[in-house]
Structure formats: C-alpha cells, structure tokens
Amino acid sequence: ERRDVMIRSSGQAWTLALVIPENNIDPLTYRFEAYDIGGNVNISDNMTVAIIDSILPEIYLEDMVSSVEAGQFLNITISAEDNIGLEDVTFSWWIGGGTREDGLEMTHAEGRYGISVKVPIDAYGSLYFSVDAIDTSGNLFSLDKVEVIIIEYVAPEPKEEPEIRF
C-alpha cells in the first residue's frame, strides 16, 4: 500500500498523477481519504481500475541474407520481446505470387527465434517472408514482406567420359 498526497488544482478540485510501470498489468486499486482541519475523516470505498497493455511487441531481424540458392536452406533468426510477455511468434513465406505457408512456428531459445526453410530446387525470382509476434494481451506486430533473391539452380554440365582403348 502506498499513500500519495493530492494537490489542489483549482477551487474544490484536487489532482494526482500516477505513473504506471510499462511492464505491469496488475489492476490498480485505490481509495480517497479526506481530512478537514477539525479532524473529521471521510474515506471512500476501494475502487479498481484495469490496466491495459497497448504496447506492441518488437521484432529484430538478425543476420539478414539478401539471397539464397534454389535447393538450399534459408535460415532466419530474429529476436522478439515485449514489455509483458510474448504469446506466439510465427513465420510465413511464399515465392513470387505463389501459395503462402502461413503460421509456421519458430524454434525458441533465450529470446531468439529461428526457422529453416528449404527453397525448392525449381524456384526462381524472389522469396518473401514475414514474422508476426503476438503478446499476451493480443497486441500484434508484423515484420512484413522481407524479400530474398533466389539464385536459380543450374545443373552441372555432364562430363564426357574418356574413351577407353584396348
């Protein structure tokens, strides 16, 4: 329990500004106590205010690659954080205007999230991906449409076998 003194702002109005820590969503319970110079006291009932988290999660892309070879793995690592806590971090990807693979779970360890995607051998053009982070209050932040150039696979030329003479 904490006691704060209100300040008279004008006439009969009194004010008090409270700073709510950004990493706290516990309900705030308060009451008012008024004392006059004659020693009389009036105490209000306890009142509770819900504290709402409106701060979005944050996503930071680590070790960004600008290109990937067709047939190889694209490895993506991000760090994500939130003032209260993260509920979910998901990954989506697609090639050009093709079909999206949405909502893939990313591996989590020590505040970092990662995923490895096998790029099809016949892919060309651009691969796009996005990452969504949702906090425990439902706030959503998206790292949207990051482009990675696909280096086309070129099959090696067949080697001529040496002529064997007897």
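Thresholds, definitions, all that
Residues numbered from 1 in each chain as written. Predicted model: local features only at pLDDT ≥ 70, side-chain atom pairs only at ≥ 80, totals over all residues. Heavy atoms only, no water. Helix = DSSP H or I, 4+ residues; strand = E, 2+ residues; numbered from the N terminus. Rg over C-alpha atoms; globule rule 2.2 N^0.38 Å. Buried < 20%, exposed > 50% of the residue type's maximum accessible area, 1.4 Å probe, protein only. Areas by Shrake-Rupley, 256 points an atom, 1.4 Å probe, with all protein chains shown as cover. Lys, Arg positive; Asp, Glu negative; His and termini not counted. Charge placed at Lys NZ, Arg CZ, Asp CG, Glu CD. Core = buried A, V, L, I, M, F, W, Y, C linked by side-chain atoms within 4.5 Å. Contact = heavy atoms within 4.5 Å. Phe/Tyr/Trp six-rings, centres within 6.5 Å; stacked < 30°, edge-to-face > 60°. Salt bridge = Lys/Arg side-chain N within 4 Å of Asp/Glu carboxyl O. Pairing = 2+ DSSP bridges. Axes fitted to C-alpha atoms, helices over the stretch in contact; angles between N-to-C directions.

A. Quick look at the overall build of the protein. Helix and strand counts for the protein stand at 0 helices and 15 strands. Taking 15 Å as the expected radius of gyration for a compact globule of 166 residues, we find that the protein reaches 29 Å, considerably beyond that expectation. Along the three orthogonal principal directions, the C-alpha set of the protein runs to about 125 × 30 × 20 Å. The buried share of the protein, taken over its 166 residues, is 25%. Split by element, the accessible area of the protein, about 12300 Å² in all, is 51% carbon and sulfur. On the protein, the mean spot of the 10 positive side-chain charges and the mean spot of the 30 negative ones are 3 Å from each other.

B. Local environment of the nonpolar core. Of all hydrophobic cores here, the largest spans 24 residues; its most connected members are Ile78, Val89, Phe91, Met106, Phe129 and Val131. Secondary structure elements with two or more residues in this core: strand S9 (73–81), strand S10 (86–95), strand S13 (112–118), strand S14 (125–135) and strand S15 (140–151). When near neighbours in sequence (up to four residues on either side) are disregarded, isoleucine 78 contacts Ile59, Tyr60, Leu61, Glu62, Val89, Met106, Gly111, Arg112, Tyr113 and Val131.

C. The arrangement of the packing of aromatic side chains in detail. For the coordinates displayed, the defined rule picks out 3 aromatic pairs. Ring geometry for tyrosine 30 and phenylalanine 32: centres 5.5 Å apart, planes at 75 degrees, overall edge-to-face. Between tryptophan 94 and tyrosine 128 the ring centres are 5.9 Å apart and the planes differ by 25 degrees, which places this aromatic pair in the stacked class. Of the two residues, tryptophan 94 sits in strand S10 while tyrosine 128 sits in strand S14, which places them 34 residues apart along the sequence. Residue classification places tryptophan 94 among the buried residues on the basis of a relative accessible area of 8%. Since its relative accessible area comes to 16%, tyrosine 128 is described here as buried.

D. The arrangement of the pattern of salt bridges in detail. In the structure shown here, the tally under the stated rule is 5 salt bridges. Arginine 2 is the salt-bridge partner of aspartate 4, the closest N and O atoms lying 2.9 Å from each other. Look at aspartate 4 and you get partly exposed, because its relative accessible area is 36%. Here arginine 2 falls in the exposed class, since its relative accessible area comes to 61%. Connected through shared salt-bridge partners, Arg3, Arg31 and Glu33 make up one network.

E. Quick look at unusual backbone geometry. Positive phi outside glycine occurs at glutamate 110, with the angle close to 50 degrees. As for its position among the elements, glutamate 110 is in the loop between strand S12 (107–109) and S13. Even without a glycine there, the phi angle at lysine 145 is positive, about 50 degrees. Mapped onto the elements, lysine 145 comes out in strand S15.

F. Local environment of the sheet that holds strand S11 (residues 101–105). Strand order in the open sheet made by the 5 strands is S8-S15-S14-S10-S11, with mixed pairing throughout. Of all strands in the sheet, those bounded by a partner on one side alone are strand S8 (67–69) and S11. In this sheet, adjacent strand axes meet at a mean angle of 30 degrees when their direction is disregarded. Two elements, S14 and S15, share 9 bridges in a ladder whose sense is antiparallel. Its bridge partner being in S15, aspartate 132 is matched across the sheet by serine 142.

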